[in-house]
Amino acid sequence: MNQELILAMEKVFADTYLMYFKTHSYHWNVEGPNHPQYHHFLEMIYTEVYGVVDTIAEHIRALDAYAPYNLSKVISHSMVTEDEVPDIDARSRMQNLLDTNNLVLASLHMAYDAADKATELGVANFIQDRMIAHQKHGWMLKATLK
Ligand SMILES: [Fe+2]
C-alpha cells in the first residue's frame with residue numbers, strides 16, 4: 001500500500017468532485033445576457049469532469065484503499081473553496097472556476113509525481129489524461145475572461 005499515492009489520489013478525487021459540483025451549481029444559477037452560452041459551456045465542463053469521478057475512486061480501490069465514503073472528509077481534503085452566496089456575476093464565476101481548475105491541476109501534478117515514484121504507470125497514465133483535459137478546461141475558461 002502506497003500511502004503517499006493514496007493520499008494524493010484522495011486529493012485529486014476531492015478537488016475533482018468539488019470542481020464538478022461548483023460547475024454544475026454555476027450551470028443552474030448563472031444569470032445575465034449571455035446566459036444560454038454560459039449554461040451550455042458549464043454543462044460541457046461538468047459533464048466531462050463528472051465522467052471521471054468513478055474512475056478516480058476505482059483507482060483508489062485498486063491501490064488497496066477504500067474509496068471516499070464521507071462528503072465532509074472529501075471537502076476537508078480539498079483546497080477548493082465553496083461559494084457563500086448563489087448570485088455571483090458570470091465573469092466572477094469563470095474566474096473562480098479557472099482558479100478551481102488550477103487547484104485540480106496542482107493536485108494532478110502531485111499525484112503524477114507520487115505515481116511515477118511508485119512506478120504505478122497505469123495511474124500515472126490516467127493522471128496525464130486528466131492533465132490534458134484540465135488544460136483544455138483552463139484554456140476555455142481563460143478565453144471567456146478576455
Ligand atoms: Fe441542466
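Right above here is the structure, for reference.
Residues numbered from 1 in each chain as written. Predicted model: local features only at pLDDT ≥ 70, side-chain atom pairs only at ≥ 80, totals over all residues. Heavy atoms only, no water.

Assigned secondary structure in the chain consists of six helices and zero strands. Shown N-terminal to C-terminal, the secondary structure of the chain runs as helices and strands in the order α-α-α-α-α-α. Taken over the C-alpha atoms alone, the chain extends approximately 50 × 30 × 20 Å along its principal axes. Here the chain, with 146 residues, has 45% of them falling under the buried criterion. Long-range pairs, those at least 24 residues apart, make up 79% of the contacts in the chain with a sequence separation of at least 6. Entry remark: accessible area of the chain is about 8,100 Å², with carbon and sulfur atoms responsible for 55%. Each charge class in the chain can be summarised by its mean position, and for the 11 positive and 19 negative side chains these summaries are 5 Å apart. (Helix = DSSP H or I, 4+ residues; strand = E, 2+ residues; numbered from the N terminus. Buried < 20%, exposed > 50% of the residue type's maximum accessible area, 1.4 Å probe, protein only. Contact = heavy atoms within 4.5 Å. Areas by Shrake-Rupley, 256 points an atom, 1.4 Å probe, with all protein chains shown as cover. Lys, Arg positive; Asp, Glu negative; His and termini not counted. Charge placed at Lys NZ, Arg CZ, Asp CG, Glu CD.)

Moving on: the pattern of salt bridges. Under the counting rule described, the total for this entry stands at four salt bridges. Ionic pairing is found between Asp83 and Lys22, a salt bridge with its closest N-O pair at 3.7 Å. With Asp83 in the loop between helix 4 (71–76) and helix 5 (90–117) and Lys22 in helix 1 (residues 3–29), the pair connects residues that are 61 residues apart, well separated along the chain. Judged by its relative accessible area of 30%, Asp83 is partly exposed. (Salt bridge = Lys/Arg side-chain N within 4 Å of Asp/Glu carboxyl O.)

This part is about the nonpolar core. If you look at the biggest cluster of nonpolar residues, it comprises 43 residues, and the most contacted ones within it are Met9, Ile56 and Ile127. Among the elements of the structure, helix 1, helix 2 (35–50), helix 3 (53–62), helix 5 and helix 6 (121–145) are those that each provide at least two residues to this core. (Core = buried A, V, L, I, M, F, W, Y, C linked by side-chain atoms within 4.5 Å.)

Further remarks concern the packing of helix 1 against helix 5. Where helix 1 meets helix 5, the closest approach of the two axes is 9 Å, and the angle between their N-to-C directions is 160 degrees. Here helix 1 is positioned roughly antiparallel relative to helix 5, judged by the angle of their axes. Note that helix 1 runs across helix 5; the crossing there is left-handed. Class assignment of the residues belonging to the contact of helix 1 with helix 5 gives a composition of 14 nonpolar, seven polar and six charged. (Axes fitted to C-alpha atoms, helices over the stretch in contact; angles between N-to-C directions. Parallel < 35°, antiparallel > 145°, perpendicular 65-115°, else oblique. Left-handed = near helix turned anticlockwise from the far one by under 90°. Nonpolar A, V, L, I, M, F, W, Y, C, P; charged D, E, K, R; others polar.)

Okay, the environment of Met94 next. The topology assignment puts Met94 in helix 5. In sequence terms Met94 and Tyr38 are 56 residues apart; their C-alpha atoms lie 9.2 Å from each other. Not counting residues up to four positions away in its chain, the partners in contact with Met94 are Tyr38, Phe41, Leu42, Leu141, Thr144 and Leu145.

Let us look at the environment of Val104. Mapped onto the elements, Val104 comes out in helix 5. Take Val104: its relative accessible area is 1%, and that puts it in the buried class. Residues Val104 and Leu18, 86 residues apart in the sequence, show an inter-C-alpha distance of 9.6 Å. Not counting residues up to four positions away in its chain, the partners in contact with Val104 are Asp15, Thr16, Met19 and His134.

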